[in-house]
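# What the coordinates show
As a plain string of letters, each chain reads:
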Amino acid sequence: EAQVTQNPRYLITVTGKKLTVTCSQNMNHEYMSWYRQDPGLGLRQIYYSMNVEVTDKGDVPEGYKVSRKEKRNFPLILESPSPNQTSLYFCASSNKGPVGGETQYFGPGTRLLVL
Amino acid sequence: QQQVKQSPQSLIVQKGGISIINCAYENTAFDYFPWYQQFPGKGPALLIAIRPDVSEKKEGRFTISFNKSAKQFSLHIMDSQPGDSATYFCAARGVRGTYKYIFGTGTRLKVLA
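Residues numbered from 1 in each chain as written. Chains lettered and ligands numbered in written order. Predicted model: local features only at pLDDT ≥ 70, side-chain atom pairs only at ≥ 80, totals over all residues. Heavy atoms only, no water.

### Describing the overall build of chain B
- From N to C terminus, chain B includes 0 helices and 11 strands.
- Against the 2.2 N^0.38 benchmark of 13 Å for 113 residues, chain B shows a C-alpha radius of gyration of 14 Å, consistent with a compact globule.
- Along the longest, intermediate and shortest principal axes, the C-alpha atoms of chain B span 45 × 30 × 20 Å.
- For chain B, buried positions account for 49% of its 113 residues.
- Long-range pairs, those at least 24 residues apart, make up 53% of the contacts in chain B between residues at least 6 apart in sequence. (Helix = DSSP H or I, 4+ residues; strand = E, 2+ residues; numbered from the N terminus. Rg over C-alpha atoms; globule rule 2.2 N^0.38 Å. Buried < 20%, exposed > 50% of the residue type's maximum accessible area, 1.4 Å probe, protein only. Contact = heavy atoms within 4.5 Å.)

Shown next, in the form of structure tokens:
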């Protein structure tokens, strides 16, 4: 089944304790992205990647790191989590789209609580 | 200006009615405008999308109307059904050649049976 998987789905942690949220896709997609979703703010892009070893900042990259060492994986790293990073996180992937655009496929989400 | 402004925040429609959600943008570099549908506990899923050189796109009961001069686009859901109850997000892809996306703040639609 074609899908984007994220782990863990739920995570409670404490301020300053490094964590990694994994994202993997089995569709051989070139593009991958991380978003956070907060009430009243919609989805905000954190980082994106257009190919292996190619990453770039989205709208809200502060406090996050990413890496793209393999095509299928795009982990999100919080080196020193803070309470304002409590959010619902989504990973998405898509093929390189035509001029008209691409379809992003979203994972099921990771709900993070930072105490 | 990178924002995409979406309205209304919430919408209640009777079954069979028309649901209309509006979005406005400032950046003329945006080149692709998708709408996503999200059910509770799920990730967003692409519903329909449009390019700025097209004024309207229809897929079944869903239509995007695009007004390039006004920098506005809207989603129309005809014959709205209870199963359409979800949160809808408009989005815009910015800067050609990038994968940078700006999303609206979302509209929670409830269709009454």
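### Observations concerning the sheet that holds strand E3 (residues 19-25) of chain B
Residue and element names in this part refer to chain B.
- The strand order across the open sheet formed by 5 strands is E1-E3-E8-E7-E6, and the pairing between neighbours is antiparallel. Two strands close off the open sheet at either side, each with one partner strand: strand E1 (4-7) and strand E6 (56-59). Direction aside, neighbouring strands of the sheet carry axes that sit 15° apart on average.
- As defined by bridge partners, E3 adjoins strand E8 (residues 72-77) across 6 bridges and the pair is classed as antiparallel. Across the sheet, Ile 21 pairs through a bridge with Leu 75, a residue of E8. (Pairing = 2+ DSSP bridges. Axes fitted to C-alpha atoms, helices over the stretch in contact; angles between N-to-C directions.)

### Notes on the side chain of A:Gln6
All names here are of chain A.
- As for its placement among the helices and strands, Gln 6 is situated in strand E1 (residues 4-7).
- Here the side chain of Gln 6 touches Gly 109 through a polar contact of 3.1 Å, landing on its backbone nitrogen.
- A polar contact is formed between the side chain of Gln 6 and the side chain of Thr 110, at a distance of 3.1 Å.
- Ignoring sequence-local partners within four residues, the contact set of Gln 6 consists of Thr 22, Trp 34, Tyr 89, Phe 90, Cys 91, Gly 107, Pro 108, Gly 109 and Thr 110. (Polar contact = N/O pair within 3.5 Å; in protein donor to acceptor, adjacent residues only side chain to side chain.)

### Focus on the interface of chain B and chain A
- Of the residues lining the interface, 20 residues belong to chain B; the matching set on chain A comes to 29 residues.
- Both faces combined, the contact of chain B with chain A buries some 1900 Å², and carbon together with sulfur accounts for 53% of it.
- A per-residue breakdown of the area chain B buries against chain A is headed by B:Pro44, B:Tyr99 and B:Phe103, which together make up 34% of the total.
- In this structure, the connection of chain B to chain A is made through 1 salt bridge.
- The shortest N-O distance in the salt bridge between A:Glu102 and B:Arg93 comes to 2.8 Å. (Buried area = accessible area lost by both parts, 1.4 Å probe. Salt bridge = Lys/Arg side-chain N within 4 Å of Asp/Glu carboxyl O.)

### Overview of the environment of A:Gln104
- Looking at the secondary structure, you find A:Gln104 in the loop between strand E9 (87-94) and strand E10 (105-106).
- Judged by relative accessible area, which is 1%, A:Gln104 ranks as buried.
- For the pair A:Gln104 and A:Ala92, spaced 12 residues apart in sequence, the C-alpha to C-alpha distance is 5.9 Å.
- Ignoring sequence-local partners within four residues, the contact set of A:Gln104 consists of A:Ser33, A:Tyr35, A:Ala92, A:Ser93, A:Ser94, B:Tyr36, B:Tyr99, B:Tyr101 and B:Phe103.
- A polar contact of 2.9 Å, which involves the side chain of A:Gln104, links it to the side chain of A:Tyr35.
- Reaching out from A:Gln104, the side chain makes a polar contact with the side chain of B:Tyr99 at a distance of 3.2 Å.

### A closer look at the pairing of strand E5 (residues 45-50) of chain B
- Where strand E4 (residues 33-38) of chain B meets E5(B), 5 bridges bridge the pair, whose relative direction is antiparallel. Directly across from B:Tyr36, in E5(B), lies its bridge partner B:Leu46.

### A short note on the pattern of salt bridges
Residue and element names in this part refer to chain A.
- Tallying each qualifying case throughout the model produces 9 salt bridges over all chains.
- For Arg 44, the salt bridge goes to Asp 38, with nearest N and O atoms at 2.9 Å.
- You can call Arg 44 partly exposed: its relative accessible area is 23%.
- Its relative accessible area of 10% is what places Asp 38 among the buried residues.
- What emerges from the salt-bridge pattern is a single network uniting Arg 36, Asp 38 and Arg 44.

### Re unusual backbone geometry
- Note the cis peptide between A:Asn7 and A:Pro8, where omega equals -5°.
- Relative to the helices and strands, A:Pro8 resides in the loop between E1 and strand E2 (10-13).
- At the junction of B:Ser7 and B:Pro8, the peptide bond is cis and its omega measures out at -5° in the coordinates.
- Counting through the fold element by element, B:Pro8 comes out in the loop between E1 and strand E2 (10-14).
- Although it is not a glycine, A:Glu53 sits at a positive phi angle of roughly 70°.
- Position of A:Glu53 among the secondary structure elements: in the loop between strand E5 (42-51) and strand E6 (54-57).
- A residue is classified by how much of its surface remains accessible, and A:Glu53, at 61% relative accessible area, is exposed.
- Positive phi is not limited to glycine here, since B:Lys71 has a value of about 55°.
- As for its placement among the helices and strands, B:Lys71 is situated in the loop between strand E7 (62-67) and E8.

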